[in-house]
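What the coordinates show
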Amino acid sequence: MTPHVTGAAVKAADRAHVFHSWSAQALIDPLAVAGAEGSYFWDYDGNRFLDFSSQLVNTNIGHQHPKVVAAIQEQAARLCTLAPGFAVDVRSEAARLIAERTPGDLDKIFFTNGGAEAVENAVRMARLHTGRQKVLSTYRSYHGATAAAINLTGDPRRWPSDTAAAGVVHFWGPFLYRSPFHATTEAEECERALAHLADTIAFEGPATIAAIILESVPGTAGIMTPPAGYLAGVRELCDRNGIVFILDEVMSGFGRTGKWFAAEHWDVTPDLITFAKGVNSGYVPLGGVAISAAIAETFATRPYPGGLTYSGHPLACAAAVATINTMEEEGIVDNAARIGAEVIAPGLAAIAERHPSVGEVRGLGTFWALELVRDKETREPLVPYNAAGAANAPMAEFAAACKTSGLWPFVNMNRTHVVPPCTVTETEAKEGLALLDEALSVADRHTAGA
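Now for a look at the structure at hand. Quick caveat: nothing in here was measured; it's all calculated off a predicted structure.

It is worth spelling out the overall build of the protein at this point. Assigned secondary structure in the protein consists of 13 helices and 15 strands. Taking 450 residues into account, the globule formula puts the C-alpha radius of gyration at 22 Å, and the protein, at 22 Å, falls close to it. In terms of principal-axis extent, the alpha carbons of the protein reach across some 60 × 60 × 40 Å. Burial statistics for the protein: of 450 residues in total, 54% are counted as buried. Here the analysis covers contacts within the protein between residues at least 6 apart in sequence; of these, 71% occur between residues at least 24 apart. For the protein, the computed accessible surface area is about 18,800 Å², with 55% contributed by carbon and sulfur atoms. For the protein, the distance from the average position of its 34 positive side-chain charges to the average position of its 49 negative side-chain charges is 4 Å.

Structure representation (structure tokens):
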């Protein structure tokens, strides 16, 4: 940053030329950011924010980690780019390090530029492997904004782009707090959710279904950790019906839940895993698909009809190698698990006791959500589903209170997510929880008893 640059100038240039995603362009007021380090970023006026969003839940290793920055610089000096058809040392090493950490025999890695493209290619692989077209996904999900991925997505961002002809069938995944199955226990929710999925498969025709795709732990849709036995039950249904099982670990992978991959919590191995975000903390765009031996074999002598100019980009792969090695060397995955269990879980439980607006707390590692409600008894959400404008005012006021205090939240619908970097310290986590505790008093004003 040059000394004469001002936040006003940066914002003016942004507003003149940058077209922002997911936004009504005339209604947004983006913060001009001057820098970032570790768990914090700051603006040009010196206002500092504790990043409880990890940006888009991707800076798992924190901002500007020196080892990753150095690896990118070194790679840029040596070899900036090369087409994907060549063998490149950092690409091979990134693939090896990822394959070492994936469950089972998912030992082949197809690189993409991000998570949505990973989902696109995983679905393409499943369809070609099975010769079938339908793909099943849950309503409470997000899989990306490209053509197939947005149709697979369950949240309202799908609606404007939904073709209703993409070969996608949605079903209800388990979520005990708002159970669509009238369950009262985790065991009931698991059993009934699996029965519902089995019925959906039967009525759609098992021989027409190529894949079932699930987020191991749904992210933006609410961080709903699946009940014990659910993912194993889906695995069994897929095996019984010759269906490819895809786990989307774009958000939940690479330490976010306190494991390298969230599937490890339930000892389940899918046929394909999609990843991105935390693989190199988003320092350079990178995603990919980890592929089982059986699906890889489908394309041993048959060309795979897919590719990307920047597949396995050397700068991105160098960042991934440095990120994974640093996470291993510095115990960052274990740190996420410890901070989650010892600081965030008890801290959020205490916050829920104090605030009438907190209906439920759930999560793992550095991956948590608070369900905000108007009434704890009825569980009425603090704002309606997909609220906007005046209807969303309570959540907008809460988010503004967080930012005013120096906490940058991740807010979606009636939830706020607690998703700091996996490198977050105990002191930083406690600081963030204290700021969150204070800001929730704003949400409390909109509850039934206020």
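Alright, that's what it looks like, and here's the rest.
Once that is clear, we can look at the pairing of strand 5 (residues 134-138). Summarising burial for strand 5: four of the five residues are buried, a large majority. By the bridge criterion, four bridges tie strand 5 to strand 6 (residues 168-171) in an arrangement that is parallel. Across the sheet, the residue bridging to Thr-138 is Phe-171, located in strand 6. The parallel pair strand 5 and strand 6, bridged by helix 6 (residues 147-152), forms a crossover whose chirality is right-handed.

Attention shifts here to the nonpolar core. In this structure, Phe-111, Leu-197, Ile-212, Leu-214, Tyr-230 and Val-234 are the most contacted members of the largest nonpolar core, which totals 69 residues. Counting residues per element, this core draws most heavily on helix 10 (residues 314-329), which supplies 10 residues. Apart from the residues within four sequence positions on either side, Ile-212 is in contact with Leu-136, Phe-171, Leu-197, Ile-201, Val-234, Cys-238, Ile-243, Val-244, Phe-245 and Ile-246.

We now examine the sheet that holds strand 3 (residues 48-51). Judged by pairing direction, the sheet is mixed, and its four strands sit side by side in the order 1-2-3-13 without closing on themselves. Strands at the two margins of the open sheet, each flanked by one partner only, are strand 1 (33-37) and strand 13 (407-408). Taken together, the three bridges between strand 2 (residues 40-43) and strand 3 define a ladder with antiparallel strand orientation. Pairing of Trp-42 across the sheet is with Arg-48, part of strand 3.

Whether parallel or antiparallel, the strands of a sheet pair through hydrogen bonds between backbone atoms. What the seven strands build is an open sheet, ordered 4-10-9-8-7-5-6; its pairing is mixed. Edge positions in the sheet fall to strand 4 (108-112) and strand 6, since each has one partner strand and no second. Sheet twist, expressed as the average angle between the axes of neighbouring strands with direction ignored, equals 20°. Bridge analysis of strand 4 against strand 10 (residues 287-291) gives five bridges, and the strand direction is antiparallel. Each residue of the ladder has a partner; that of Phe-110, found in strand 10, is Val-289. Here helix 8 (residues 230-241) sits on the sheet in contact with strand 6, strand 7 (209-215) and strand 8 (244-248), set at roughly 150° to strand 8.

Criteria and thresholds
- Residues numbered from 1 in each chain as written.
- Predicted model: local features only at pLDDT ≥ 70, side-chain atom pairs only at ≥ 80, totals over all residues.
- Heavy atoms only, no water.
- Helix = DSSP H or I, 4+ residues; strand = E, 2+ residues; numbered from the N terminus.
- Rg over C-alpha atoms; globule rule 2.2 N^0.38 Å.
- Buried < 20%, exposed > 50% of the residue type's maximum accessible area, 1.4 Å probe, protein only.
- Contact = heavy atoms within 4.5 Å.
- Areas by Shrake-Rupley, 256 points an atom, 1.4 Å probe, with all protein chains shown as cover.
- Lys, Arg positive; Asp, Glu negative; His and termini not counted.
- Charge placed at Lys NZ, Arg CZ, Asp CG, Glu CD.
- Pairing = 2+ DSSP bridges.
- Right-handed = clockwise from strand over helix to strand, strands pointing away.
- Core = buried A, V, L, I, M, F, W, Y, C linked by side-chain atoms within 4.5 Å.
- Axes fitted to C-alpha atoms, helices over the stretch in contact; angles between N-to-C directions.

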